[in-house]
Every structure is written in C-alpha cells, then in structure tokens.
Amino acid sequence: MPEKITRSIQFKSQASGNTETAEMHITAFSVPEQKTRAIKALLKFWLIAAVCVLIPIAHFLLVPGFFIGGIIVASRRWKTDAEGEDARGCCPACHNQITISLEKDAELPQWHDCPECSDPLQLQAVTSSDSGQADKNTG
Ligand SMILES: [Zn+2]
C-alpha cells in the first residue's frame, strides 16, 4: 500500500516575502510499488496501442505514439518515489485557507498561484530557523 505522508512546508508570497506554514500531502511508494506502477502503466499504454491498430489511417500515429509513450511514462514511474497530492494552508497574501493541487509533483520548491487572490506563491521546505523540526537532507 502506498503510504500517505504529511509534510510541513511554507507558503511564501513572491510579492511581500511573507511566509505561512502549510501542510503538503504526498503519497510515498516503496521500491516494489514503484516497479508495479511502472509495469501497470506500460501495459495500459500498450493495450491502448493494440486497440488503436483497428483504427484505419490514425493507427500510423497512434500505435507508435502509445508504444513509445508507455515506455516514457513507465520509466518515469519507475523513478518516482513520491507523488504530491495537495498543499493546504493559509495564503500569506490574502490570509484565506487555500488548497493547491500539486498535480503529482512532490519536489520542492514549487511555484503556484493562490486560487483566491492569484498571488504567486512559492512552496518551500521549512527552514531550520523557523522550526526545530525541519528535516534536512544533506548527504
Ligand atoms: Zn491568496
């Protein structure tokens, strides 16, 4: 089973430089789960490619497209150990509670616009000066 992890992060307003603490929800995968997900993606794409053989003319593009696309998506999933779900917290610009969809991206920093006030926000890891519980990956 993929593991749901909540990480504490910060929203930083690009305009004012203010920060607010926030929560980032990610799904973490173990190595066997990464491989299973990659193989499932590959088979799904290749199944679609096989079905596209039946479509006249378009199959010249669709079949190689899904065949190669399957390899690309599978190799990406093979390397992906975590997917971002969403980030929740208070916007440092408009002070509304906001939820930002991370579109499967778990890397930090990320840049998104606030859904309420459209202020550009940077999602960043909590720096050690703000909280003693920042987990640093140096090494
Ligand atoms: Zn806002």
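Up top is the structure these notes are about.
Small disclaimer: the values here were computed from a predicted structure and weren't measured.

The rules we used
Residues numbered from 1 in each chain as written. Predicted model: local features only at pLDDT ≥ 70, side-chain atom pairs only at ≥ 80, totals over all residues. Pairing = 2+ DSSP bridges. Helix = DSSP H or I, 4+ residues; strand = E, 2+ residues; numbered from the N terminus. Axes fitted to C-alpha atoms, helices over the stretch in contact; angles between N-to-C directions. Parallel < 35°, antiparallel > 145°, perpendicular 65-115°, else oblique. Contact = placed C-beta atoms within 7 Å. Nonpolar A, V, L, I, M, F, W, Y, C, P; charged D, E, K, R; others polar. Expected span 1.5 Å × (residues − 1).

J.: What is the right way to look at the sheet that holds strand 4 (residues 97–101) in this model?
T.: In any sheet, the strands associate via hydrogen bonds between backbone groups, in a parallel or an antiparallel arrangement. Spatially, 4-3-2-1-6-5 is the arrangement adopted by the six strands of the open sheet, whose pairing is antiparallel. Where the open sheet ends on each side, the last strands, each with one partner, are strand 4 and strand 5 (110–113). Across the sheet, the axes of successive neighbouring strands diverge by a mean angle of 30°, strand direction being ignored. Two elements, strand 3 (residues 82–90) and strand 4, share five bridges in a ladder whose sense is antiparallel. Its bridge partner lying in strand 4, Gly89 is registered against Ile98.

J.: I would appreciate a short explanation of the packing of helix 1 (residues 31–52) against helix 2 (residues 59–79) in the present structure.
T.: Each packed pair of helices is defined by two parameters, the angle between the axes and the distance between the axes. Direction vectors running N to C along helix 1 and helix 2 enclose 175°, while the axes themselves pass 8 Å from each other. One element, helix 1, and the other, helix 2, form an angle in the roughly antiparallel class. Side by side, helix 1 and helix 2 meet where Gln34, Lys35, Arg37, Ala38, Ala41, Leu42, Phe45, Trp46, Ile48, Ala49 and Cys52 of the first sit next to His59, Leu62, Val63, Phe66, Phe67, Gly69, Gly70, Ile71, Val73, Ala74, Arg77 and Trp78 of the second. Taken together, the residues of the contact of helix 1 with helix 2 sort by class into 16 nonpolar, four polar and three charged.

J.: Before we go on, may I ask you to explain helix 1 in this structure?
T.: For an α-helix, 3.6 residues make a turn, and residues three or four places apart therefore share a direction. For helix 1, with 22 residues, the first-to-last C-alpha span of 32 Å sits near the 32 Å given by 1.5 Å per residue. On its buried face, helix 1 is in contact with helix 2.

Geometric values such as these leave the question of function open.
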